[in-house]
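# Coordinate inspection notes
The residues making up each chain are set out below.
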Amino acid sequence: QVQLVESGGGLVQPGGSLRLSCAASGSILSINAMGWYRQAPGKQRELVATIASGGRTNYADSVKGRFTISRDNAKNTIYLQMNSLKPDDTAVYYCNAAIKSSRSYNYYPYWGQGTQVTVSS
């Protein structure tokens, strides 16, 4: 089976920085687009940033200029560098990836388990 594992979440002060990682493992043939989503308490899940296989990115307006998504295709890993963090950034952050595996020859969307990011003094 394919698995996505997020890491790097934690507690950070407003204005601080944090870097999230998401590593995909398993019988992976290829990975198309990948992205980060987040869900705050009482809020719906929202898209944070996406990155295509070739590296093209897009961001939610709320994080544009503060967050940077990147990927290392050799490691099947994406990152989310979060700078100038605000309390409103507090949420569970989820990794998502469209992956083609040996078991399923079509791209299938996989989700990580989520990692908690808390921005507070």
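It should be noted that the structure appears before, not after, this text.
I will try to describe carefully the structure that is included in this document. The residue numbers shown here count from 1 along each chain, following its written sequence. Thresholds applied to this predicted model are a pLDDT of at least 70 for local features of residues and 80 or more for the giving and counting of side-chain atom pairs; totals over whole chains, interfaces and linings are not thresholded and use all residues. To get the side-chain values, take all heavy atoms of the structure and skip hydrogens and water.

This paragraph deals with the side chain of Thr-50. A run of DSSP states H or I qualifies as a helix once it reaches four residues; a run of E qualifies as a strand once it reaches two. Both are numbered from the N-terminal end. Position of Thr-50 relative to the elements: it lies in strand E5 (residues 46-51). Note on contacts: a residue pair qualifies if any of its non-hydrogen atoms lie within 4.5 Å across the two residues. Each residue touching Thr-50, except ones within four places of it in the same chain, is listed here: Met-34, Gly-35, Arg-56, Thr-57, Asn-58 and Ile-69.

For the rest of this paragraph, the subject is the sheet that holds strand E8 (residues 77-82). By definition, two strands form a pair when at least two bridges between them are found by DSSP. Read from one edge to the other, the open sheet built from 4 strands follows the order E1-E3-E8-E7, with strand pairing classed as antiparallel. On the outer flanks of this sheet lie strand E1 (3-7) and strand E7 (67-72), each paired with one strand and no other. Each strand axis lies, on average, 15 degrees off the axis of its neighbour in the sheet, ignoring direction. Lines fitted to C-alpha atoms define the axes, with helix axes restricted to the stretch in contact, and inter-axis angles between N-to-C directions lie between 0 and 180 degrees.

For Leu-18, the location among the structural elements is in strand E3 (residues 18-25). Here the alpha-carbon distance between Leu-18 and Gln-81, two residues 63 residues apart in the chain, equals 6.2 Å. Look past the residues within four positions of Leu-18 in its chain and what remains in contact with it is Gly-8, Gly-9, Gly-10, Leu-80, Gln-81, Met-82, Leu-85 and Val-117.

The set of buried Ala, Val, Leu, Ile, Met, Phe, Trp, Tyr and Cys residues whose side-chain atoms join them within 4.5 Å is what this entry labels a nonpolar core. For each residue, the accessible area found with a 1.4 Å probe, counting protein chains only, is set against the maximum for its type, and the residue is called buried under 20%, exposed over 50%, and partly exposed in between. Counting 31 residues, the largest nonpolar core has Trp-36, Leu-80, Met-82, Tyr-93 and Ile-99 as its most contacted members. Only E3, strand E4 (28-39), E5, E7, E8, strand E9 (91-101) and strand E11 (115-119) provide two or more residues apiece to this core. Element by element, the count of residues in this core is highest for E9, at 5 residues. Excluding anything up to four places from it in sequence, Tyr-93 contacts Glu-6, Leu-20, Trp-36, Tyr-37, Arg-38, Val-48, Phe-67, Leu-80, Met-82, Gly-114, Thr-115 and Val-117.

Right, let's talk about the pairing of E1 for a bit. Burial along E1 is one-sided: the residues Leu-4 and Glu-6 are buried and none of Gln-3, Val-5 and Ser-7 is. Relative to E3, E1 runs antiparallel, the two being bridged by 5 bridges. In the sheet register, Gln-3 faces E3, and the bridge partner there is Ser-25.

Geometric descriptors of this kind do not, in isolation, establish any biological role.
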